[in-house]
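# Structural description and commentary
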Amino acid sequence: MEPEKRKYAIYAFCLIVFFAFVIRLAYLQLFSTEELTKESNKNSVKTITLTPPRGLMYDRNGKILVDNKPSYTVTITPSQFDKNNLNEISSVLEIQPEILMENIKSIKGTNKFNPAKIKRDVDFKVISFIAENKERLSGVDYQIEAIRYYPNNFHAAHSFGYASEITPKQLEKQMGDYYNQGDVVGSSGLELNYENYLKGVKGYKFITVDVKGREIGGLNEGKNDIPPVNGSDLILSMDKDLQEYAEKLMNDKRGAIIAVDPHNGEILCFVSKPDFDVSVFAGKLDQKVYSALANDPDKPLFNRVTQTKYPPGSTWKMMMSLSAMAADIITPVSTIACGGSFTFGNRTFEDHGAYGNINVTRAIEVSANVFYYKLGLQLGIDNYNKYGKMFGFGMKTGIDIPNETSGLLPSREYLDKRYGENKWTQGLMVSLGIGQGELGVSPVQMVAYTASIAMNGLYCQPHFVSKIKNSITNAEEFVKFEQRRIDMPQKYYDAVKKGMYLVVNGSGTAQAVKNSEFVLSGKTGTAQNSSGNNHSWFVGFAPFDDPKIAICVLGENAGWGATFAAPIAAALMVRYLGGSGYEVEGDLKIVNGVPD
Amino acid sequence: MKKNFFEGIDLVLLIITLAILTAGLLAIFSATYTSGTDYFSKQITFALFGILIMLVISYIPPRIIAKSSYYFYILALILLVLVLFFGKKISGSKSWFSVGGFGIQPSEFAKIATILALSNFLSSTDDGFRNVNKPVEFLKACAFVIMPVVLIMRQPDMGTSLVFLSMILPVLFWAGLSPYVIFVIVSPAVVAFGAFLGMNYFIAALILVALILLMFKRNIFLTAGILVMNFVIGFSVDTLYKKLQPYQQNRIKAVFDPSTDPLGSGYNVIQSKVAIGSGGFTGKGFLQGTQTQLKFIPEQWTDFIYCMIGEEFGFIGSVAILILYMIIIFQLVNNSYLSKNRFLSVACIGFSSIIFFHLVINVGMTIGLMPVIGIPLPLMSYGISSLLSFLVMIGIGMSAYRYRNQY
C-alpha cells in the first residue's frame, strides 16, 4: 500500500467517525431537543445542604445553659432579583444599597440561581413585610435557621465562647472543605474546643428544579436524601445556680472566680469579669461590636481565669510549706524564729507581726512572712522549681477551653537568662518565698493546686465537660481527663491543711468569714502590684473533713485577700454546700480586712 | 532570510489551534464563572505560555529532536516510576507530582516521549521504515509503548493507558504494517464487543470477521486459526469483565443504559446528554446554559467541557468544534504525508492519532456513545499538563511542515 493510499485510508476512517458523531449530535440536538429541553427544564437535580442545629450545653443538674432558637435569615437569589427593588430592600434591611449589592455579588460557593444569605437574625416585622410583598419582591426570601440562645441571666462568656458565621479568614484556613460561606463555626471557649462534637454532620437533600432554579419537588421521593446529624450535646459540670450567684457577686468588679469539685476537677463555676454578652455574636460576628470589646481598656475579652499571670502572694505559702517539708528542710513540728523582720545582705524584709518560734501550721494561720523568707532561701531555686512543677505551676492545666497561659515558674535557666549567669543573688529567693516577684500563676492553676491539697495529693485536670450526649444513640459518653497523685507523706498535707483550717476558724487572716454551718478553710493572699492597687487572692476548700468544693477568687486591684476575695469565696462555698450562706445581694459587704 | 523565517509557519495548524484554545477558554469561563475558582485565569496564563513553547518548538530541526528522543523516553520512564512512589494521590490514582501548587502529570510528558522514541526507532534505518510486518520488529515497536503503559496501569490510570495503546496501530500502519495484520489485531475487539452485547451479536460479529478474512485470500489454515482465536476471545469476555474494578464495570454498564444508575456513574452521561440536547440548533447563548450554570455536571471544566459547547452554542457550535479538530487531524496527517523526514512523518501520525483518540472518547462520552473514561478534550479541558502536552505535539507537527523538504 503506498503512502497516498494510507493517507486516504486514515482520512476515510476519521470521516466515518466524524459523521457518526454529527449524526448523533443531530439526533440529540435537532430531533430530541424538545424532549431533552423539557428534561433540562423540569428534571434537573440540585443538591441542597442541610445544616443541623448545634449541640446544646447543659449544667450538672440537666438545666439548659446554651440553647438554640429559630431565627430568620433573609436571602436573595441573584438571578431573580429585580434591581429596581434594591433601594427598598436596603432600607428595610438597614443595609446600604452599595454594600447590599456587594454582598449579593461576592457570595462564594453559590451561584446566581441559588439563594444567598444576606442578613441573619432579622426582626419578625421585616419577615412579614417580605412575605406580604413576595410577588413584587422577586428573588427576596427568608430561611429559618437555628442560632444560639442563652436562656439564663448570666454571661459565662469565657466558658461558653461564641459560635458565629464563619469569617473569610477562617474559611480559608479550614482543614478540608466542610465549611461554606454562611456556616456557623465555634470560635472561642467550649464552642471552639468541642466544635467537632457540637457541629454535627451536614445532610443533603436532592430536589428537582426547573430552568430558573425553582424547586419542583423531591427526587425519588427523598430516598436518596442524606439526613443531617444533629450536633452532640455537652453536659457540663457547671452548676447553673452557683454560676449565677458568682457572677452576681462579681458584678461591676474586675477579677476571676473558679470553683471545682476536688475529687475530679469538674468546674462548678467559672467567672471572668468584666465580660460581655455572648448572644451579640449569635448571628454574625459584628465587627463594630467586636472591636469595641477588643479596645475596651477593661479588657472584657481577656479570660482572667486562664490567661492572667499574677504573683500568688501568700496563697503560695502552702506550696512553700510542702516543698520545704518534702526537701527535708523542716518537719511538720519544727519551728522557726519569726521576729518582725528579716535582713538579708543589706536589705530588710518587713513582716506585719512578730510571732516568736512557730511551726508550719501556725505560719500558715498567721501568714508569717519571715518564716517563708527563710524557707525561700533554704529551698533554693532548683527545689522551688521542682516542687512547683509537681503542683502544676509553670505549665498548662489542660482545661478544656483554648488559649490558656502556662504562667511563670522561675528556674535556674530562667534567672540566668533574665539576669545573666551568676548575676542574680539568693535575695530573689526571699521574695519568691512569699509568692512575690517573678512568679506568675493563673486562677485555674491555683484552684487545681488548692484542690490537690484538699485531696491529699490527688491532682485533677480542671474541666468543664463531664459527658457528651451522642445525638444518634442518645448515649452519654464520659470524657476522660487526667488525674495524678502527688506523692508526699500524709502528715505534710495534714500540717498544711490544719493551717488553712485555722486561717478561717482560728486566729488567722480570714476569721471574719467563719461560718457556723460549714467548716471552711483557705488562705488569703495579696499580690503586690507596682502599677496600681494590690491584687486580692483567696484559695480554699470546704467542708474541711470531706472537701466537696475547692475555689480560687482573684480581685484585680482590690486590696488585701481578706478584704475582697475571702468573703466572695466563703459566700460561694456556703451556697454550694446548701447553706443559707451570707445574705449577699448586689454588692458584697466588704469586711474589715487584715494584711496577710 | 527574514521572510523565510516566517514563511515556514504552518498557518493552518496555528490558526485552528488558536481557535480551539479560544473556544476552550470561553467554555471554562462559562463553566466556572459562578463558582469563584481561578481555573480560567490559570488556563489562560498557561495557554499563552504554551503557544510560545509551541512556536519555539516548531523551529527545532528534526535531527535534534530525533537524537534526543531516546533520552526523553528514558527520562519519562524514570518519572513514571518516581510518581508511583512520590506522587500525590488524587481520586484514587497516583498520577501527579505536586510542584508549587500545580499538579504535574508525568504521563502527559511520556505520551510525547514515547511517540518520539517509537518514531525514531521506526525511522532509524538507511532506507524506508523498519519492516514491522516482521514479528520481531513488530514486537520491538510494541515494547516501546507497553513499557510506559505497564507503569501507568500501576497508578492506576485506565484512560491514559488506553491513549498509549491507541497509537500503536495507526503508527505501525503508517510505517507499513499490512492491513491484514491490523485486521487480525482489531477483529477480536469487534468480536469481544459483540460477545459483550449478547449471543446474537457475538455470532454476527464472528460471521462478519470470517467473511472479511476470506476476502484477504490468505492461507486457509491461518484464516481458520484466527477465526478460532476470535471465538475463544469472545467466549472469555465474561471472565475478563468480572476482573474489572466494580466502578469500571458500572461505567461500562452505564454506557449502554445510563438509567440503571442515574445518580452514580450514569449521572454524568444523562446530565451531559440533557445539556447537549437541550442546546438545540443554536444553543441557549453564552453563560445562559442552565445545566452548565446550575452545575449539574460536576467538574464540568475538565472532562465534560464539551457539554457546555453543546448547551450554550447548540448543534452549530458542537459541529464547528468537531470540524476544527478534524482540520487539525487532517493537517497533521497531511504534514506527515508531505514530510520527507521519516522520523517526523511517523511522529505526526502518532500525535494525530492521540488527538483523534482523545476527541472520540471524550466527545463520545458526553454524547453517550462511549464509556465514561476520564481523559481530557485536547486543548479545551482545564488541565495544565494536558494543555501544554498537546501544544508541544502541535509544535512538533508545525516543525514537520517547516522542514517537510529536509530528509
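Residues numbered from 1 in each chain as written. Chains lettered and ligands numbered in written order. Predicted model: local features only at pLDDT ≥ 70, side-chain atom pairs only at ≥ 80, totals over all residues. Heavy atoms only, no water.

## Here's the deal with the overall build of chain A
As a reminder, the rule being used: Secondary structure elements are taken from DSSP: a helix is a run of H or I of four residues or more, a strand is a run of E of two residues or more, and numbering for both begins at the N terminus. Our radius of gyration looks at C-alpha atoms and nothing else; its globule reference is 2.2 Å times the residue count to the power 0.38. By definition, residues are in contact when any of their heavy atoms lie within 4.5 Å. Note on areas: Shrake-Rupley, 1.4 Å probe, and residue coverage restricted to the protein chains presented here.
Along chain A, the regular secondary structure elements total 19 helices and 23 strands. For 596 residues, the compact-globule formula gives about 25 Å, and the C-alpha radius of gyration of chain A, at 33 Å, lies well above that figure. Within chain A, counting contacts between residues at least 6 apart in sequence, those at least 24 apart form 72% of the total. A total of about 26400 Å² of accessible surface is found on chain A, and carbon and sulfur atoms cover 50% of it.

## Side note on the sheet that holds strand β2 (residues 93-99) of chain B
Residue and element names in this part refer to chain B. Here is the rule we go by: Here, strands pair whenever DSSP counts at least two bridges between them. Interaxial angles span 0 to 180 degrees and are taken between N-to-C directions of axes, which are lines fitted to C-alpha atoms, for helices over the stretch in contact.
An order of β1-β2-β3 is seen for the 3 strands of this open sheet, with the pairing classed as antiparallel. Here the strands that pair on one side only, and so sit at the sheet edges, are β1 (88-90) and β3 (102-104). On average, each strand axis in the sheet is inclined to that of its neighbour by 55 degrees, with strand direction left out of account. As judged from the 3 bridges shared by β1 and β2, these two strands associate in the antiparallel manner. Paired with Lys-89 across the two strands is Lys-94, which belongs to β2.

## Here we look at the sheet that holds strand β11 (residues 255-261) of chain A
Residue and element names in this part refer to chain A. Ordered by their spatial adjacency, 5 strands build an open sheet running β12-β11-β23-β22-β21, and the pairing between neighbours is antiparallel. With one partner strand each, in any of the chains shown, β12 (266-273) and β21 (521-527) form the two edges of the open sheet. Direction aside, the axes of adjacent strands within the sheet are offset by 5 degrees on average. Both β21 and strand β22 (residues 535-542) contribute to a ladder of 7 bridges, which runs antiparallel. Within β22, the residue paired with Lys-523 across the bridge is Val-539. Running at roughly 145 degrees to strand β23 (residues 549-555), helix α17 (residues 443-454) makes contact with β11, β22 and β23 of the sheet.

## So, the nonpolar core
Within soluble globular proteins, side chains that are nonpolar generally end up buried alongside one another. In plain terms, the rule: The term nonpolar core refers to a set of buried residues drawn from Ala, Val, Leu, Ile, Met, Phe, Trp, Tyr and Cys, joined through side-chain atoms within 4.5 Å. Exposure categories follow from relative accessible area, calculated using a 1.4 Å probe and restricted to protein chains: below 20% of the type maximum is buried, above 50% is exposed, and the middle band is partly exposed. Where a domain begins and ends is set by an automatic assignment or by a domain database.
Ranked by size, the top nonpolar core spans 127 residues in total, and within it A:Phe160, A:Leu236, A:Ile257, A:Phe371, A:Phe391 and A:Phe464 carry the most contacts. Two domains share this core, each providing at least three of its residues, namely domain 2 (47-236) and domain 3 (240-273 + 306-576) of chain A. Setting aside residues up to four positions removed in sequence, A:Phe464 forms contacts with A:Ser159, A:Leu190, A:Ile235, A:Leu236, A:Ser237, A:Met238, A:Ile267, A:Phe270, A:Ile399, A:Asp400 and A:Ile401. Within the second largest apolar cluster, 119 residues are counted, among which are B:Ile16, B:Val171, B:Tyr306 and B:Leu391.

## Observations regarding the pattern of salt bridges
Residues and elements named next belong to chain A. Threshold: For salt bridges, the criterion is a side-chain nitrogen of Lys or Arg within 4 Å of an Asp or Glu carboxyl oxygen.
Per the stated rule, a full pass over the model turns up 21 salt bridges over all chains. In this structure, Arg-254 and Asp-298 form a salt bridge, with 4.0 Å as the shortest nitrogen-oxygen distance. A residue pair is termed long-range when its members are at least 10 positions apart, and Arg-254 in the loop between α10 (240-249) and β11 and Asp-298 in the loop between α11 (287-295) and α12 (317-326) qualify at 44 residues. Overall, Arg-254 belongs to the partly exposed group, its relative accessible area being 30%. Under the relative-accessibility criterion, Asp-298 is labelled partly exposed at 36%. Here Lys-273 ties to Asp-275 by a salt bridge, and the two come within 3.3 Å at their closest N and O atoms. Overall, Asp-275 belongs to the buried group, its relative accessible area being 14%. Salt bridges sharing partners connect three or more residues here, namely Arg-54, Arg-148, Glu-191 and Glu-195.

## Here's the deal with the environment of A:Asn196
Residue and element names in this part refer to chain A. Rules: Here a polar contact means two N or O atoms within 3.5 Å. Within protein one must be a hydrogen donor candidate and the other an acceptor candidate, and residues neighboring in sequence count only if both atoms are side-chain atoms.
Tracing the sequence through the fold places Asn-196 in helix α9 (residues 195-198). Take Asn-196: its relative accessible area is 60%, and that puts it in the exposed class. At 3.3 Å, the side chain of Asn-196 forms a polar contact with the side chain of Lys-199.

## So, the packing of helix α6 (residues 135-153) of chain B against helix α7 (residues 158-166) of chain B
Residue and element names in this part refer to chain B. Applied cut-off: For classification purposes, an angle smaller than 35 degrees is called roughly parallel, one larger than 145 roughly antiparallel, one from 65 to 115 roughly perpendicular, and anything else oblique. Three classes are used, and their members are as follows: Ala, Val, Leu, Ile, Met, Phe, Trp, Tyr, Cys and Pro are nonpolar, Asp, Glu, Lys and Arg are charged, and the others, Gly among them, are polar.
Taken N-terminus to C-terminus, the directions of α6 and α7 make an angle of 175 degrees; their axes are 9 Å apart at the nearest point. One element, α6, and the other, α7, form an angle in the roughly antiparallel class. Touching Val-145, Ile-146, Pro-148, Val-149, Ile-152 and Met-153 of α6 are Met-158, Thr-160, Ser-161, Phe-164 and Leu-165, all from α7. Within the contact of α6 with α7, the residues separate by chemical class into 9 nonpolar, 2 polar and no charged.

## Re unusual backbone geometry
Here the amide bond leading from A:Lys273 into A:Pro274 is cis, since omega sits at -5 degrees, within 30 degrees of zero. Tracing the backbone through its elements, the reader meets A:Pro274 in the loop between β12 and α11. With an omega of -15 degrees, the peptide bond between A:Ala542 and A:Pro543 qualifies as cis. By the secondary structure assignment, A:Pro543 is in the loop between β22 and β23. Positive phi, normally seen in glycine, also occurs at B:Leu379, with a value near 65 degrees. In this structure, B:Leu379 sits in the loop between α16 (342-366) and α17 (384-402). What makes B:Leu379 buried here is its relative accessible area of 4%.

## Quick look at the packing of α17(A) against helix α18 (residues 490-505) of chain A
All names here are of chain A. Here α17 crosses α18 at 115 degrees, and the two axes come no closer than 9 Å. One finds that α17 runs roughly perpendicular with respect to α18. Facing α17, whose interface residues are Thr-450, Ile-453 and Ala-454, α18 presents Tyr-493, Val-496, Lys-497 and Met-500. Considering only residue class, the contact of α17 with α18 consists of 5 nonpolar, 1 polar and 1 charged.

## Description of the domain arrangement of chain B
Residue and element names in this part refer to chain B. Considered domain by domain, chain B is made up of domain 1 (2-177 + 244-402) and domain 2 (178-243). Its C-alpha centre places domain 1 at a distance of 30 Å from the equivalent point of domain 2. Across the boundary between the two partners, domain 1 contributes 12 residues, which contact 13 residues of domain 2. Counting the contacts that link domain 1 with domain 2 gives 0 salt bridges. Between the two partners, domain 1 and domain 2, sit 2 residue pairs in polar contact (both at pLDDT 80 or more). Counting residues per element, the ones that place at least two in the side of domain 1 that touches domain 2 are α8 (168-174) and α12 (246-256). Of all the elements, α12 adds the most residues to the side of domain 1 that touches domain 2, at 4 residues.

## Details of the domain arrangement of chain A
Many authors give the size of an interface as the accessible area that is lost as the parts come together. All names here are of chain A. So the rule is basically this: The term buried area means the drop in 1.4 Å probe accessible area that two parts suffer when joined, counted for both and summed.
Segmenting chain A into domains produces domain 1 (3-31), domain 2 (47-236) and domain 3 (240-273 + 306-576). For domain 2 and domain 3, the distance between their C-alpha centres works out to 46 Å. Counting the surface lost from both domain 2 and domain 3, the interface buries some 2200 Å², and carbon and sulfur atoms represent 58% of this. Of all residues in domain 2, the largest losses of buried area upon contact with domain 3 belong to Arg-60, Phe-154 and Ile-235, amounting jointly to 27% of the total for that side. At the boundary of domain 2 and domain 3, one finds 2 salt bridges.

## A closer look at a nonpolar patch on the surface
Residue and element names in this part refer to chain B. Going by this rule: For patch building, the residue pool is restricted to those with more than 30% relative accessible area and no salt bridge; the joining distance is 9 Å between like charges and 5 Å between nonpolar side chains (Val, Leu, Ile, Met, Phe, Trp, Tyr).
A cluster of nonpolar side chains, contributed by Met-199, Ile-203, Ile-207, Leu-211, Leu-214, Ile-220 and Phe-221, occupies part of the molecular surface with about 760 Å² of accessible area. Mapped onto the nonpolar patch, the elements with two or more residues apiece are α10 (199-215) and α11 (220-243). Ranked by residue count, the leading element in the nonpolar patch is α10, at 5 residues. Note that Ile-220 resides in helix α11.

## Some words on helix α3 (residues 39-57) of chain B
Definition in use: In this analysis, the expected span of each helix is defined as 1.5 Å times one less than the number of residues it contains.
End to end, α3(B) covers 26 Å across 19 residues, agreeing with the expected 27 Å (1.5 Å per residue, within 8%). Looking at the packing, one finds that the buried side of α3(B) touches α2 (11-32), β3 and α17 of chain B.

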